[in-house]
Amino acid sequence: MPITITRDEPGIAVVTMDFPPVNALPSAAWFELADTITAAGKDLTTSVVILRAEGRGFNAGVDIKEMQATEGFDALIGANQGCAAAFSAVYDCAVPVVVAVNGFCVGGGIGLVGNADVIVASDDAVFGLPEVDRGALGAATHLARLVPQHLMRTLYYTAQNATAQQLHHFGSVYRVVSRADLLDTALEVARNIAAKDTRVIRAAKAAINNIDPVDVKTSYLLEQRYTYELNLAGVADEHRDAFVKTGKTATGSTSERGQSAGGDK
């Protein structure tokens, strides 16, 4: 199964994404991921959830090829609603969510990571939003939780990546380790949380969410509004078609992520 959950240690649920070649998730998978994370948090035997991925990178966002191969707007609407559901599931999970990021984390991956509680990353991990190169918007809400405001704007407009080392410098990534040590590091953090009284940890998660200065769900919904406008204007299709055909944007530039991620499924 592309999304699996294992419970090899008391109190720790490990959710794994595996969608070769680049973990670009089809619409249905975003909803499945949301349901899996939510169910794990509701299980009172769970104290902490680890979200990780197999393969070349953590997450390459939505499956653009699926979107362009589907008549009408069903795939687009499904992807937008699915992403919102998965992002919210991470944020609203009743217990802390630790993400273990390997390789690239772009597009929808930023939404997952930006809503998580603890981030550990491999030393080859990069984080970015190629949305403007795809004629879309979204997840600036979540990128703003990872880097300072002006850097977020720069990364968003230019579709450039930030490294795990940079995010560690800003304090959003807790630890940067080798890829071989990534899961063990995530488990180390998870064990520390799982050793606490889960009743207190669950209350702490709810309290922290309730004092959050940004309503992440409303903020992301506003971003989606502009994406829908670009789609109605035909701008987004132009960019997505160009990417599917050539791996390049409609303006002719080639995104670094476009060669390995950003929907290349």
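Overview of the structure.

So, how was this worked out
- Once a new chain begins, its residue numbering starts again from 1 and follows that chain's sequence as written.
- Local features in a predicted model are, by the rule used here, given only for residues with pLDDT of at least 70; side-chain atom pairs are given and counted only at 80 or more, and totals for whole chains, interfaces and linings are based on all residues.
- Side-chain descriptors were evaluated using all non-hydrogen atoms of the structure, hydrogens and water having been removed beforehand.
- An axis is simply a line fitted to the C-alpha atoms; with a helix, the fit covers only the stretch in contact. Between two such axes, the angle follows the N-to-C directions and lies from 0 to 180 degrees.
- In this text, helices come from DSSP runs of H or I with a minimum length of four residues, and strands from runs of E with a minimum of two, each type numbered from the N-terminal end.
- When an angle is under 35 degrees it counts as roughly parallel; over 145 it counts as roughly antiparallel; between 65 and 115 it counts as roughly perpendicular; any other value is oblique.
- Here is the rule for handedness: rotate from the far helix to the near one, and if that takes an anticlockwise turn smaller than a right angle the crossing is left-handed, while a clockwise turn gives right-handed.
- We call two residues contacting when some pair of their heavy atoms lies within 4.5 Å.
- In this count, Pro and Cys sit with the nonpolar residues alongside Ala, Val, Leu, Ile, Met, Phe, Trp and Tyr, while Asp, Glu, Lys and Arg are called charged and the others, Gly among them, polar.
- Two strands form a pair only when DSSP identifies at least two bridges running between them.
- Definition of nonpolar core: a set of buried residues of the types Ala, Val, Leu, Ile, Met, Phe, Trp, Tyr and Cys, connected through side-chain atoms within 4.5 Å.
- The cut-offs for exposure are 20% and 50% of the maximum accessible area for each residue type, with area from a 1.4 Å probe on protein chains only; residues under the lower value are buried, those over the upper are exposed, and the others partly exposed.
- Given a helix with a known number of residues, its expected span is that number minus one, times 1.5 Å.
- Patch members must show over 30% relative accessible area and no salt bridge, and they are joined within 9 Å when carrying like charges or within 5 Å when they are nonpolar side chains of Val, Leu, Ile, Met, Phe, Trp or Tyr.
- The protein chains shown are the only cover counted for residues, whose accessible areas, like all others here, come from Shrake-Rupley with a 1.4 Å probe.
- Any Lys or Arg side-chain nitrogen found within 4 Å of a carboxyl oxygen on Asp or Glu counts as a salt bridge.

### Examining the packing of helix α1 (residues 27–42) against helix α3 (residues 74–92)
Reasoning step 1: At a minimum axis distance of 7 Å, the contact between α1 and α3 shows a crossing angle of 20°. On the basis of the axis angle, α1 is roughly parallel to α3. Classified by chirality, the crossing of α3 by α1 is left-handed. Of the residues in α3, those in contact with Ser27, Trp30, Phe31, Leu33, Ala34, Ile37 and Thr38 of α1 are Ala75, Gly78, Ala79, Gln81, Gly82, Cys83, Ala85, Ala86, Phe87, Ala89 and Val90.
Reasoning step 2: In terms of residue class, the contact of α1 with α3 is built from 13 nonpolar, 5 polar and no charged.

### Let's talk about the sheet that holds strand β3 (residues 48–53)
Strands belonging to one sheet form pairs held by backbone hydrogen bonds; the direction of such a pair is parallel or antiparallel.
Reasoning step 1: Strands sit in the order β1-β2-β3-β4-β6-β9 across an open sheet of 6 strands; the sheet is mixed. This sheet does not close on itself; its edge strands, each paired only once, are β1 (3–9) and β9 (175–177). Pairs of neighbouring strands in the sheet enclose a mean axial angle of 20°, with direction left out of account.
Reasoning step 2: Note that β3 and strand β4 (residues 97–101) share 3 bridges and pair parallel. Across the sheet, the residue bridging to isoleucine 50 is valine 98, located in β4.
Reasoning step 3: Packed on one face of the sheet, α1 meets β1, β2 (12–17) and β3 and runs near 25° to β1.

### Side note on the nonpolar core
The nonpolar side chains of a soluble globular protein tend to be buried with one another.
Reasoning step 1: Counting residues in each nonpolar core, the largest one holds 49 residues, and the members touching the most others are Leu33, Leu51, Phe58, Val101, Leu112 and Phe127.
Reasoning step 2: Of all hydrophobic cores here, the second largest spans 16 residues; its members include Val48, Ile50, Val98 and Val118.

### Some thoughts on α1
Reasoning step 1: The end-to-end C-alpha separation of α1 is 23 Å, in line with the 22 Å expected for 16 residues at 1.5 Å each.
Reasoning step 2: All of the buried residues along α1 are Ser27, Ala29, Trp30, Leu33, Ala34, Thr36, Ile37, Ala40 and Gly41.

### Observations concerning the sheet that holds strand β8 (residues 161–163)
Reasoning step 1: Reading across the sheet, the 3 strands line up as β5-β7-β8 and stay open at both edges, with mixed pairing between neighbours. Edge strands, defined here as strands with exactly one partner in the open sheet, are β5 (104–106) and β8. Between one strand axis and the next, the sheet turns by 20° as a mean value, whatever way the strands run.
Reasoning step 2: As judged from the 3 bridges shared by strand β7 (residues 126–128) and β8, these two strands associate in the antiparallel manner. For valine 126, the partnering residue across the bridge sits in β8 and is threonine 163.

### Some thoughts on a nonpolar patch on the surface
Reasoning step 1: Nonpolar side chains collect at one region of the surface, where Phe73, Ile77 and Leu232 lie side by side and expose about 300 Å² of accessible area between them.
Reasoning step 2: Mapped onto the elements of the fold, isoleucine 77 is located in helix α3.
Reasoning step 3: Taking relative accessible area as the criterion, isoleucine 77 reaches 32% and is therefore assigned partly exposed.

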